[in-house]
Every structure is written in structure tokens, then in C-alpha cells.
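# Architecture and fold: a report
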Amino acid sequence: MTFSISINGTKHDVDVADDTPLLWVLRDVLGMTGTKYGCGIAQCGACTVHVDGNPLRSCLLPVGTIGSRAVTTIEGIGATEAGAKVQKAWLDREVIQCGYCQSGQIMSAAALLAANPHPDDADIDAAMAGNICRCGTYVRIREAIKSAAGEA
Amino acid sequence: MRHMSPARRVAIIVVAAVAIVAIGVAAWLVFGPGPLAFAGNSTVALADYHEANPTGVPADLAKADAIRRGEYLAKAADCMVCHTTPGGEAYAGGLAFPLPFGTLYSTNITSDKETGIGNYTDQDFLNAVQRGIRKDGARLYPAMTYTSYTFMTDADALAIKAYLFSLPAVHRPNQDDTLLFPFNQRWGMIFWSWAFNPNTRFAPNTAKCAEWNRGAYIAEALAHCGDCHTPRNLAFALDNRRKFSGAVAAGWRAYNITADKATGIGAWSDDEIFAYLAKGHAMGRGTASGPMGEAVDRSFSQMAPADIRALVTYLRSIPAVASSEPATIAAPAPTSPKEGGAVADALGRRVFAQACASCHSWTGVSALSPVATISGSRAVNDPTATNVAQIVISGTQRFSPGAMSMPAFGSTYTDSEIAAVANYVTGRFGSAASKLTAKDVADLRGQTAR
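About the cut-offs
Residues numbered from 1 in each chain as written. Chains lettered and ligands numbered in written order. Predicted model: local features only at pLDDT ≥ 70, side-chain atom pairs only at ≥ 80, totals over all residues. Heavy atoms only, no water. Phe/Tyr/Trp six-rings, centres within 6.5 Å; stacked < 30°, edge-to-face > 60°. Lys NZ or Arg CZ within 6 Å of the ring centre and 35° of its normal. Domains from an automatic or database assignment. Contact = heavy atoms within 4.5 Å. Buried area = accessible area lost by both parts, 1.4 Å probe. Pairing = 2+ DSSP bridges. Helix = DSSP H or I, 4+ residues; strand = E, 2+ residues; numbered from the N terminus. Core = buried A, V, L, I, M, F, W, Y, C linked by side-chain atoms within 4.5 Å. Buried < 20%, exposed > 50% of the residue type's maximum accessible area, 1.4 Å probe, protein only. Patch = residues over 30% accessible without salt bridge, like charges linked within 9 Å, V, L, I, M, F, W, Y side chains within 5 Å. Areas by Shrake-Rupley, 256 points an atom, 1.4 Å probe, with all protein chains shown as cover. Salt bridge = Lys/Arg side-chain N within 4 Å of Asp/Glu carboxyl O.

### Examining the packing of aromatic side chains
Residue and element names in this part refer to chain B.
- Following the criterion strictly, the structure yields 15 aromatic pairs over all chains and no others.
- Taken together, the ring pairs in this structure connect Phe-352, Trp-362, Tyr-424 and Phe-429 into an aromatic cluster.
- For Lys-161, the ring lying beneath its charged end belongs to Phe-165, and the centroid distance is 4.5 Å.
- One Lys or Arg, Lys-243, reaches over the ring of Phe-244 and ends 4.2 Å from the middle of that ring.

### Structural notes on the domain arrangement of chain B
Residue and element names in this part refer to chain B.
- Looking at the assigned domains, one finds that chain B contains domain 1 (48-196), domain 2 (210-316) and domain 3 (346-447).
- Inter-centroid distance (C-alpha atoms) of domain 1 to domain 2 is 21 Å.
- Counting residues at the interface gives 27 residues for domain 1 and 21 residues for domain 2.
- A buried area of about 2,100 Å², summed over both sides, lies between domain 1 and domain 2, and 60% of it is on carbon and sulfur atoms.

### Comments concerning the pairing of strand S4 (residues 54-57) of chain A
- As defined by bridge partners, strand S3 (residues 48-51) of chain A adjoins S4(A) across 4 bridges and the pair is classed as antiparallel. Each bridged residue has a counterpart across the sheet, and for A:His50 the counterpart in S4(A) is A:Pro55.

### Digging into the nonpolar core
All names here are of chain B.
- Grouped together as the largest cluster of nonpolar side chains are 68 residues, with contacts concentrated most on Met-152, Ile-160, Leu-222, Phe-300, Met-303 and Tyr-314.
- The leading source of residues in this core is helix H8 (residues 210-222), at 7 residues.
- When we break this core down by domain, the ones giving at least three residues each are domain 1 (48-196) and domain 2 (210-316).
- One finds Ala-357, Val-380, Ala-419 and Val-425 within the second-largest nonpolar core, a separate group that totals 33 residues.

### Quick word on a nonpolar patch on the surface
- Taken together, the side chains of A:Trp24, A:Tyr37 and A:Tyr100 define a hydrophobic patch exposed on the protein surface, amounting to about 310 Å² of accessible area.
- By secondary structure assignment, the location of A:Tyr100 is in the loop between helix H2 (81-92) and helix H3 (102-115).

Set out below in C-alpha cells:
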């Protein structure tokens, strides 16, 4: 079955089964490997992308349910206002250690700031709790989010 | 007696009267109507019924051989789910049913001559399925739902036997049950069976349409809906005065599926009931999990659409019985976790944020897939949180096409964390928060078949 999906502003036609998770389409069909595979059961957040601005776990998102909604991945997030701020703060604070989870962390943080420009700790907890970092960069992630929000 | 004082005589008469009334009440409570009594007594023997045959298989299979017909009927009767362990060989038995007085194990019903039913004659098989009597004469417990299968025709039961005998024989010895006295006395079931097994075949109802009769046959003789959904009385027999009004079976709540609009499925559309049975999900009504999820995977999803429609027609006719579930189904929760119910439950909220929000969203309306939407479901609106806790413990592994699975968290989270997240979920997405404790969760873990 052929699906036309909009990713980072570009239309892509892909011929896959309708229950193929978006992550498989991104990585295996389109070669966009910035989005990572972590657990495959929406428990780690590494595969987070935006669909119409909402952070979603692409490992469980069936491609057939996307329709005309706009997908944004780590490759395109820098073109958004919140995404650009987050990426700059991530570099300024040197958040990343091994980096595997970080595209997912950045996508969740960018979605949080786009919806809520001045999040408090509880907002950050609620938005970021589903993104796991094996290296334990949580403290720097929190600082970087506050820095991107202009509060630290 | 001649010298008995009048006061003493009155006392004896009163005691006798009370005893008679008590026996009468007990009998009334225990000996209820049969599962089809609600539809009236315009019944005829199957041979005298001249509409479409309500028994057997769908028309396109009618000319198939007994093995193929038996496969359809075995799936409709859902033999596999109880007679197979998770990951075990099909129909080889061994599933454990923990009861308050010990554990029962399902048996090997493959054609293995030593450990299965390979030596059963046709009559032996009918005796087991319709009458609850084993080949060696021992009585079956009603965990084997022969009080439902008794309505099956001989032809259908024997087609199931032909199908089972066409499958590979599996050598797997049956385990001994661990029931305590007096429950370990199988002969006692002679009296139970005499009282509660009608031992009669399905009799069509001429006051109802052919589709209703087909639905009745599937629901009562094959799918045995009542064995989970009908409450049981003191004698562990189905209380058909409250037919299909919901009960707890094997640690899961089987909801009210009567026509009651508030607590049953009276407000569901035909299409919603059809979708729930055929695919395990109805938009905005929740997703089948636990034993019902297994029934969808192994049984309903395998049935012909016309048979599911017949079931819908039949379910529509079940008299409305109000049950204790909340009459209101809560609307979706607010987008912000700072608003809405249960915000004070810090542990439950933390677990929800870590493990649940990614799929189920803070609103309960999943951004990933409608099958992961929990808002609007009966489970989150059930203040006992029985099924919410069970789903967290065991997840849902669906095999139907298009289905999604949820991971099991039973070995990841402690009993107190599971209790907290269940209380948070019912508080946030339901009409009343549950008050589960760690001990309640431990009890629920102990009640499931495994």
C-alpha cells in the first residue's frame, strides 16, 4: 500500500503495509536514521517525533494512521523556533553524553517549549518522564530546558 | 405432646414455619431459571424447527467435512483458551485456575491415547462435553463449562471431536488438582450436576427470528458468555435472574452486557458491539483485554460476520439489569497533568508519566492509536480498578489483525506502585477513583489463570 506522508515539509511516497510503525519507514525505507530505535514498546522515548507538533513514539505509530498530518523529525526540528532554542541550549550546556537517546530528548523538550514556553519543574517532569537516558544526563537536560526557556 | 404448653407449641410452629420459609428462599436463590428462560417458552425441538438451522456452521461451511466444521465450532466454543497454557502446545491442557480452596488444572484434550482423550469414543466425548462425566466415570467440575456445552447438538460436539483428533497428539500428563476437602470429592458433583446441568439440547424459540436463534445457540451452547458475565449464586450455579449483568471470574471483571443503558451495553450501537467482538475494540468504548481479549483473538475474530451479527441481535434481547458500576462514563481528562482528577497521587502520577503517558496521553485519548484510548472505557470507570490493575500486571497481547499490544508491567513495578497507578488512572480518567492497596494487587495476581 502506498502512503504519502509529509516529513519536515517534504512529501514522501512509501509503499509499506499500513500497520508498519513510522520509525521503520523513517529509518529503513527513507534512510532518516536520526530517529533512534530504543525499546520498540514506547517505554524509552528514543524514537520520539512530532506529528502536528505533538510528541509521539514513532515505534508504535502505524503509518496508516498519519494521513495528512505533518511529521517533524530530529532532522527538521532545528527549523522550528522552539527546536532551534533547544538545540542551542543542548550545545551550550553540553547535555549529551553517549547521545543515543538525545534526539528523542530534544524532540520531547521542543514539543514542551512550543506548547508551554515557561515550564516549571512539574511540567518538565510530566513531559520528559517518558524519555529515558542511560547515561543519566537528566540534570543537564532540566538545566538546558530552563536555559532554552530563558530562565537560567 | 399432649401435655405441651401452648407457648411451646406456638414456638415449634414458628420455628417450623421459619425453617420452611428459609428452605424455600434458599431453593429460590439456588434453583433459578435456565439461561434462555427470559425469552419465554415458545420452544420446539430442533427437528421440529423449520426456519434456518440455528446450530452447526455458517452456510459456506455446511458442506465441509467434519474436521473443518469442527475447527469452526471449536473456535466458537473457545476450547483452546482454557486447554492451552501460555506458550504451551495447543489443547494439551495444564492451565492452572487458582481457587480459594485449591488449584484446578485444565486437561489434555489432544488425541494422545495415554495422556489425552485418544481413547474416547463418541459417546465418551458427548458424556464429557454435555454431561460433565469423564471416561473413567469421574465428574468434572463446572470450571469445564459443560452446563453451557450441554446445549450443543451431538453433531456439533462430534465435529469438534473430529477436529481435535485431526491435530497432533501431544503427550503431556495431566497434573493433579490441589483442592481441599470437601471440594476434592468429585462424586459430590453428581448432585451439583443433577441440580444445575439441564442436560438438554438447544431448543429453538419460535417467537424469535432465525437470526436470534442462531445468536442464542452461539452465545449459550458455544461461546458460553454467561460463564463469565452472569453472577453465580451460593451453589456456584449461574444466577440467570441477573443474566449477563457482570461478575468477577479468574481475577478479571466481566462487565454487564445486558441492555441496561447506564451500566450495560444498551447505549452501544450495533456496529460498536460488532466491532468489539470481531476486532476487540470499539471506538471510544475501550479495548478487550484479559480473558475477553483472548476470546476475541481465539474465538470471535475467527467467526463469520453473519454469526457476529446474530450474537449482536441476541445480546440486544437480554433484559436490562442495572449493576453496581457507575452510571456515568467520565469525559477525557485535561491536557495538562496539573489539572483533572487524582493530581495529588504523587506515586501514581509518577508511574503514569514514566510508563503510561507516552501511549495513553494525559487526556486518556491516545495520540498514537484509537485502540490505546482508555478514556471512555468501562475499565477506567470501574472504581474497583480490577481490570486496570490486571492490564497493568499482564499487559495485553493481541493477535487479531491491526491490534496493538501493551507490555506487561507486573514484573517491573511493585504491588504498591501498581496500586498507585491504578488509583491514579481511575481517578484521572474515570468517574470515581479506586482505593487499591498493595495487598489487593497481590490478591489479584493470585487469582488469574496461568
